[in-house]
Amino acid sequence: MTKISKHLTLEELTYSEIAIKLGITNAPTQGQIANLTRLAEKVFEPVREHFGVPIHISSGYRIINLNQAIRGSITSQHCRGEAIDIDMKGDKVNNAQIFYWIKDNLKYDQLIWEFGDKKNPDWVHVSYSGANKQQTLKAVKVNGKTHYENF
């Protein structure tokens, strides 16, 4: 296991059942690993320390082939090692708590309330980059297509 921060390994950030199923090697470059390390230090670890519970990452780094296979955005920051999706799956801490804490306490590039309802998103997308524009969005489906609106 390759640790990139106190509570996070590179393997956790690159694991994908879909990549395994499709025979895709989801291996980041050194530059992408540097981005993942910065994301872990600036976002993941502060969240982990604040809540004091393991934080479940449902999606981290995605090589372009994997991102295409799951129909991810062609500009996805996951492909640059700058984004993670957090899904607490009903643990002691829910996705809404994670979302609001990041929004109120951390620097980020994008923070997205991904679908769900008014009480809790299905998951939380958060990215960290050189820009860190503090863009806060909500993903919604309109006629079967994903649209983003200001949160």
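A brief structural summary.

About the criteria used
Residues numbered from 1 in each chain as written. Predicted model: local features only at pLDDT ≥ 70, side-chain atom pairs only at ≥ 80, totals over all residues. Heavy atoms only, no water. Salt bridge = Lys/Arg side-chain N within 4 Å of Asp/Glu carboxyl O. Helix = DSSP H or I, 4+ residues; strand = E, 2+ residues; numbered from the N terminus. Buried < 20%, exposed > 50% of the residue type's maximum accessible area, 1.4 Å probe, protein only. Contact = heavy atoms within 4.5 Å. Pairing = 2+ DSSP bridges. Axes fitted to C-alpha atoms, helices over the stretch in contact; angles between N-to-C directions. Polar contact = N/O pair within 3.5 Å; in protein donor to acceptor, adjacent residues only side chain to side chain. Phe/Tyr/Trp six-rings, centres within 6.5 Å; stacked < 30°, edge-to-face > 60°.

**Thoughts on the pattern of salt bridges**
Part 1 of the reasoning: Here the structure, examined in full by the defined rule, presents five salt bridges.
Part 2 of the reasoning: One salt bridge connects Asp85 with Arg62, and the closest N-O pair in it is separated by 3.6 Å. One end of the pair, Asp85, is in strand β4 (residues 83-86); the other, Arg62, is in the loop between β3 (57-59) and α4 (64-69), with 23 residues separating them in the sequence. Like Asp85, the residue Arg62 is buried in the burial classification.
Part 3 of the reasoning: Among the salt bridges present, the one from Asp109 reaches Lys133, with a minimum N-O distance of 3.6 Å. In this pair, Asp109 is assigned in the loop between α5 (95-105) and β5 (110-114) and Lys133 in the loop between β6 (123-127) and β7 (135-142), connecting sequence segments 24 residues apart.
Part 4 of the reasoning: The class of Asp109 is buried, set by a relative accessible area of 2%.

**Some remarks on the environment of Cys79**
Part 1 of the reasoning: Mapping Cys79 onto the fold places it in the loop between α4 and β4.
Part 2 of the reasoning: The class of Cys79 is buried, set by a relative accessible area of 13%.
Part 3 of the reasoning: Sequence separation of Cys79 and Lys133 is 54 residues, and the distance between their C-alpha atoms is 19 Å.
Part 4 of the reasoning: Discounting residues that sit within four places of it in the chain, Cys79 has contacts with Gln32, Tyr61, Arg62, Ile64 and Asn67.

**Remarks on unusual backbone geometry**
Part 1 of the reasoning: The backbone of Arg71 shows a phi angle near 60°, a positive value even though the residue is not glycine.
Part 2 of the reasoning: Along the polypeptide, Arg71 turns up in the loop between α4 and β4.
Part 3 of the reasoning: Even without being a glycine, Gln134 presents a positive backbone phi close to 55°.
Part 4 of the reasoning: Inspection of the secondary structure puts Gln134 in the loop between β6 and β7.
Part 5 of the reasoning: Looking at Gln134, the relative accessible area reads 30%, which means it is partly exposed.

**Here we look at the sheet that holds β7**
Part 1 of the reasoning: Reading across from one edge, β3-β4-β6-β5-β7-β8 is the order of the six strands in this open sheet, with mixed pairing throughout. Both edges of this open sheet fall to β3 and β8 (145-150), since each of them pairs with a single strand only. Strand-to-strand, the axes of this sheet are offset by a mean angle of 30°, without reference to chain direction.
Part 2 of the reasoning: As judged from the four bridges shared by β4 and β6, these two strands associate in the antiparallel manner. When the bridges of β6 are listed, Ile86 appears paired with Val124.

**Brief notes about the pairing of β8**
Consecutive side chains of a regular strand alternate in pointing toward one face of the sheet and then the other.
Part 1 of the reasoning: Where β7 and β8 come together, six bridges link them in antiparallel fashion. For Ala139, the partnering residue across the bridge sits in β8 and is Tyr148.
Part 2 of the reasoning: The hairpin formed by β7 and β8 contains two residues between the paired strands, and Asn143 there has a positive phi angle of roughly 50°.

**Some thoughts on the side chain of Ser129**
Part 1 of the reasoning: Locating Ser129 in the fold gives a position in the loop between β6 and β7.
Part 2 of the reasoning: By relative accessible area, Ser129 is classed as buried at 8%.
Part 3 of the reasoning: Engagement of the side chain of Ser129 in a polar contact is seen with the backbone nitrogen of Ala131, the distance being 3.2 Å.

**Regarding the packing of aromatic side chains**
Part 1 of the reasoning: This model, assessed by the stated rule, comprises eight aromatic pairs.
Part 2 of the reasoning: A connected cluster of aromatic rings, assembled from ring pairs, spans Phe99, Tyr100, Trp113 and Phe151.

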